[in-house]
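For reference, the chains in residue letters:
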Amino acid sequence: MFSETFAFGFPPRAYALAAHLTLLEDAMPSAPWMIAALSADVRPLIGETVARGGHVRVGLEDAPLGTTMGNLAWVEEAVRLVREAGAEPATGADVRLALATHALA
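Please read these numbers as outputs of a predicted model, since none were measured by experiment.

K.L.:
Could you clarify how one ought to interpret the side chain of serine 39 in this entry?
P.N.:
Along the chain, serine 39 falls in the loop between strand 1 (34–35) and helix 2 (46–51). Of the residues examined, serine 39 reaches a relative accessible area of 6% and is grouped as buried. Among the polar contacts listed, one links the side chain of serine 39 to the side chain of threonine 5, at a separation of 2.9 Å. Of the polar contacts made by the side chain of serine 39, one reaches the backbone nitrogen of leucine 65; its length is 3.3 Å. Excluding anything up to four places from it in sequence, serine 39 contacts Glu4, Thr5, Phe6, Glu61, Asp62, Ala63, Pro64 and Leu65.

Structure below.
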């Protein structure tokens, strides 16, 4: 979890993503992972996240406090950035299948 406002998370910067991934590699190397935020903009990390095999969560719950963008705009922008990074966003069916498969593993 990244945050610009709260002290429990790193700021949404490349060095912080690298630190999170280093910790994850030590604790659970095969775990699926995602970026998310609380009152921060993770859009600058989306390309690196896709390149490293991670997932992305965006929306008003994640957005900086006082954002003028609506939820749909956040999602549309994330979709654009995921595609620019060479990936295709998952559909609802894709996510349900992945969760079911992971739960069985």
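Having seen it, we continue.
K.L.:
What should I look at first to understand the nonpolar core in this one?
P.N.:
Grouped burial of nonpolar side chains is what soluble globular proteins tend to show. Counting residues in hydrophobic clusters, the biggest one holds 18 residues, and the most contacted among them are Phe2, Leu17, Ile35, Val42 and Ile46. Contributions of two or more residues to this core are made by helix 1 (14–27), helix 2 and helix 3 (71–84).

K.L.:
Is there a simple way to explain the layout of surface pockets in this structure?
P.N.:
Sizing a probe to match a water molecule and rolling it over the atoms shows the empty space that remains. Taken as a whole, the largest pocket encloses approximately 740 Å³ of empty space. Lining the largest pocket are 21 residues, and of these His55, Val56, Pro89, Ala90 and Val95 sit closest to its centre. Those elements giving two or more residues to the lining of the largest pocket turn out to be strand 2 (55–56), helix 3 and helix 4 (92–104). The biggest single contributor to the lining of the largest pocket is helix 4, with five residues. When its residues are assigned to classes, the lining of the largest pocket shows 15 nonpolar, three polar and three charged. Its volume calculated, the second largest pocket comes out at about 170 Å³. Together, Met1, Phe2, Leu17, His20, Leu21, Leu24, Trp33, Met34, Ile35 and Ala36 line the second largest pocket. Those elements that place two or more of their residues in the lining of the second largest pocket are helix 1 and strand 1. No other element matches the four residues that helix 1 contributes to the lining of the second largest pocket.

So, how was this worked out
- Residues numbered from 1 in each chain as written.
- Predicted model: local features only at pLDDT ≥ 70, side-chain atom pairs only at ≥ 80, totals over all residues.
- Heavy atoms only, no water.
- Helix = DSSP H or I, 4+ residues; strand = E, 2+ residues; numbered from the N terminus.
- Buried < 20%, exposed > 50% of the residue type's maximum accessible area, 1.4 Å probe, protein only.
- Polar contact = N/O pair within 3.5 Å; in protein donor to acceptor, adjacent residues only side chain to side chain.
- Contact = heavy atoms within 4.5 Å.
- Core = buried A, V, L, I, M, F, W, Y, C linked by side-chain atoms within 4.5 Å.
- 1 Å grid on protein atoms, 1.4 Å probe; cavity = no way out; pocket = protein on both sides within 12 Å on 5 of 7 lines; lining within 4 Å.
- Points joined across faces, edges and corners; volume = space filled by probe spheres on them.
- Nonpolar A, V, L, I, M, F, W, Y, C, P; charged D, E, K, R; others polar.

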